[in-house]
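Single-letter residue listing:
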Amino acid sequence: MAMSASPNKNLKIGIVGFGNLGQFLAETMIKQGHSIHATSRSDYSDLCIRLGIVFFRDTDAFLEADSDVILLCTSILSLSNVLESMPLKSIRRPVLFADVLSVKEHPKDVLLQVVPEDCDILCTHPMFGPRSGKDGWKGLAFMYDKVRLRDEATCSKFLNVFRTEGCKMLEMTSEEHDRLAAKSQFLAHTIGRTLSEMGIKSTCIDTKSFETLLQLEESSGQDSEDLYKGLLTYNRFAKQELKNLVDAIQKVRDRFFEEEEH
Ligand code: NAP
């Protein structure tokens, strides 16, 4: 029988991977009154002291901290290794494993393989981050897939972290997410990185459309290369979208060159 977090109690959330997104989410969770502890490859002890969070260098001690939710905020590329290095079998009671990776089929597959049978799995993707969510989360999309659930109460409390901030809550399968994200988020990242490769710069006669491109270039430059590589490698629909983009540029070029020749 799964043990639920009591409805009147705030959640104990253990964050694995305390980089940009882990810190950003922790801030709001702390504000909501949840109790946060964290572990990460790098040492965030000083930052955590300032935030009032317990930081564990040792993953054994982290897992013994009796979490309601273990929230995975690692890079896409490192998820498997990070989970393999954690003694998950030592968890003493059923826990909800949730992740926030920007691809969904990959963590779903990995979590189904490694998470103890009596623990639940919720795959999620906040469609925003420290920049787009800096002025609040109202109206921003939050995707989730209830992969394996027995303890609905803890899951619902966790989803309320985002619901109460005004996020647009979207339940869909991990496959549907990856299909749509390849055609939207991945395309935006690809074009941003391409513009960056071209070294685009503001001019004294920028149009509004060009300002949009500059913003796209700037925002994708602030995301880690690991994030882009993760999207390309672990979203099985991404490579086709990259090909579609390259083909489309080629088609536009060919069409107008042809017109010029006639
Ligand atoms: P990221 O570069 O994708 O991930 C950084 C995190 O991964 C850090 O916690 C880092 O640990 C950890 N990490 C990286 N390589 C590792 C390794 N070899 N071994 C162990 N840990 C490793 O940047 P992020 O922006 O913080 O994103 C975190 C996750 O959230 C990603 O899965 C991303 O897809 C997802 N996400 C990001 C955004 C966003 O706007 N940034 C939005 C939604 C979802 P240390 O810091 O300890 O080195």
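This text goes with the structure placed above it.
Within each chain, residues carry numbers counting from 1 in the order of the written sequence. At least 70 in pLDDT is required for a residue's local features to be given in this predicted model, at least 80 for side-chain atom pairs to be given and counted, and no such filter applies to totals for whole chains, interfaces and linings, which use all residues. As a rule here, side-chain values come from all non-hydrogen atoms in the structure, and water together with hydrogens is ignored.

Peer 1: Outline the sheet that holds strand S3 (residues 54-56), listing residues and values.
Peer 2: What makes two strands pair is DSSP finding at least two bridges between them. Each helix is a run of DSSP H or I of at least 4 residues and each strand a run of E of at least 2, with the numbering of both proceeding from the N terminus. As summarised here, the arrangement of the 8 strands in space is S3-S2-S1-S4-S5-S6-S7-S8, forming an open sheet in which the pairing is mixed. Each edge of the open sheet is held by one strand with a lone partner, namely S3 and strand S8 (168-171). On average, adjacent strands in this sheet sit at an angle of 25 degrees to one another, irrespective of strand direction. Whenever a helix is involved, its axis is fitted only over the stretch in contact; in every case the axis is a line through C-alpha atoms, and angles between N-to-C directions fall within 0 to 180 degrees.

Peer 1: A description of the pairing of strand S2 (residues 35-39) should follow, citing residues and the corresponding values.
Peer 2: Within S2, 4 of the 5 residues are buried, leaving the element largely enclosed by the surrounding structure. The pairing of strand S1 (residues 12-16) with S2 spans 5 bridges and is parallel. Bridge pairing links glycine 14 to histidine 37 in S2. When the strands point away from the viewer and the path from the first strand over the helix to the second turns clockwise, the crossover is right-handed. Handedness of the crossover joining S1 and S2 through helix H1 (residues 20-31) is recorded here as right-handed. Both S2 and S3 contribute to a ladder of 3 bridges, which runs parallel. Within the sheet, the bridge partner assigned to threonine 39 lies in S3 and is phenylalanine 56. Running through helix H2 (residues 45-51), the crossover from S2 to the neighbouring parallel element S3 is right-handed. Residue exposure (1.4 Å probe, protein chains only): buried if accessible area is under 20% of the type maximum, exposed if over 50%, otherwise partly exposed.

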